[in-house]
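Secondary and tertiary structure notes
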Amino acid sequence: MQDHLRVRMPTGLSSLDPVLDGGIPPGSVVLLLGEIGAGNSEFAHSSIVSLSLLKANGGGQNQHALLPAEIAYITFTKMREDVLNDITLSFNPGSYDLLQQEVVFDDLSELYFDASIVPPGWYGDGDIFSRLQKKQRKENGDILADLSHVLSSKQQNSLIILDSLTDIATTYMNDADWHTLIAFLRGLQRVAKRWNSTIYLLLTAGILEESKEIEIADCTDALILFRWEDVGAQRRQRIMYFEKFQGVMPYLEERDLVKFAVKISAANGFEVRNIRVVV
């Protein structure tokens, strides 16, 4: 039992995993809530690259490290090629083929755009059969139902990245729809334990009302905040906070490891720098 509790799924970030005693407890839903450009996307992208390299190289020697059986990236508005290009051009130009091999991409952008006024020709094929399919999806479709189907198809012990919870949340703003979204997230938090999978949810800060951000955070096991902080002389620094982390927060607080300066570079990706204490 004790060995089971010590198992961690690495983030793949060499500057962070030792701080987390090896990584994230499998079965955790982690909300990456970030101001624009503050680092939540880079955190997820660097993790994907690092874990893909670890898997390709046969993994590490730590018996308590659980490498993901599958790395799944789910997007609602971006094309697969755009995601791959963004990751590889930002961090590791040589990793394009590796990511194609190690990462399973699910592009649900047609489901998202079908419910909008965006012309079908902007995001999909323009043949008659495709247009009929789009019309049927628009009339009968449910984004969360389709997302549930995709999530349920993933292997156990996986890392799953939902690249923009913002896109979904902003389409579920009225009271009835919002309740549906929150129920979905609470169900996802429960089933992640059964799947033994780690799930990253990316959410842009400041778009939803604060109360809605808090309600979403309450449906997750961990909340990591990414913010910009003024450091004087007209300079800004990216900062990462742990606001909650089930199974890990006591470990962090005992060592006063709650707030970190962050650096993002092409050579090393997302790095935790200058460990700092919240006073």
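About the cut-offs
Residues numbered from 1 in each chain as written. Predicted model: local features only at pLDDT ≥ 70, side-chain atom pairs only at ≥ 80, totals over all residues. Heavy atoms only, no water. Helix = DSSP H or I, 4+ residues; strand = E, 2+ residues; numbered from the N terminus. Buried < 20%, exposed > 50% of the residue type's maximum accessible area, 1.4 Å probe, protein only. Areas by Shrake-Rupley, 256 points an atom, 1.4 Å probe, with all protein chains shown as cover. Phe/Tyr/Trp six-rings, centres within 6.5 Å; stacked < 30°, edge-to-face > 60°. Lys NZ or Arg CZ within 6 Å of the ring centre and 35° of its normal.

Identification of the chain as Chemotaxis protein CheY from Methanoculleus taiwanensis is taken from an unreviewed UniProt entry.

Notes on the overall build of the chain
Helix and strand content of the chain: 11 helices and 9 strands. In the chain, which comprises 279 residues, the proportion classed as buried is 48%. Roughly 14,000 Å² of accessible area belongs to the chain as shown, and the carbon and sulfur atoms make up 49% of that amount.

Focus: the packing of aromatic side chains
According to the stated counting rule, one finds 7 aromatic pairs in the structure shown. Both rings, one in phenylalanine 43 and one in phenylalanine 270, keep their centres 5.3 Å apart while their planes meet at 80°; by these two values the pair is edge-to-face. One end of the pair, phenylalanine 43, is in helix H2 (residues 40-56); the other, phenylalanine 270, is in strand S9 (residues 269-276), and 227 residues separate them in sequence. Each of the two residues, phenylalanine 43 as well as phenylalanine 270, counts as buried. Three or more aromatic residues link up through ring pairs in this structure, and these residues are Phe43, Tyr200, Phe226 and Phe270. The ring of tryptophan 178 carries lysine 212 above its face, with NZ or CZ at 5.1 Å from the centroid. The ring of tyrosine 241 carries arginine 227 above its face, with NZ or CZ at 5.5 Å from the centroid.

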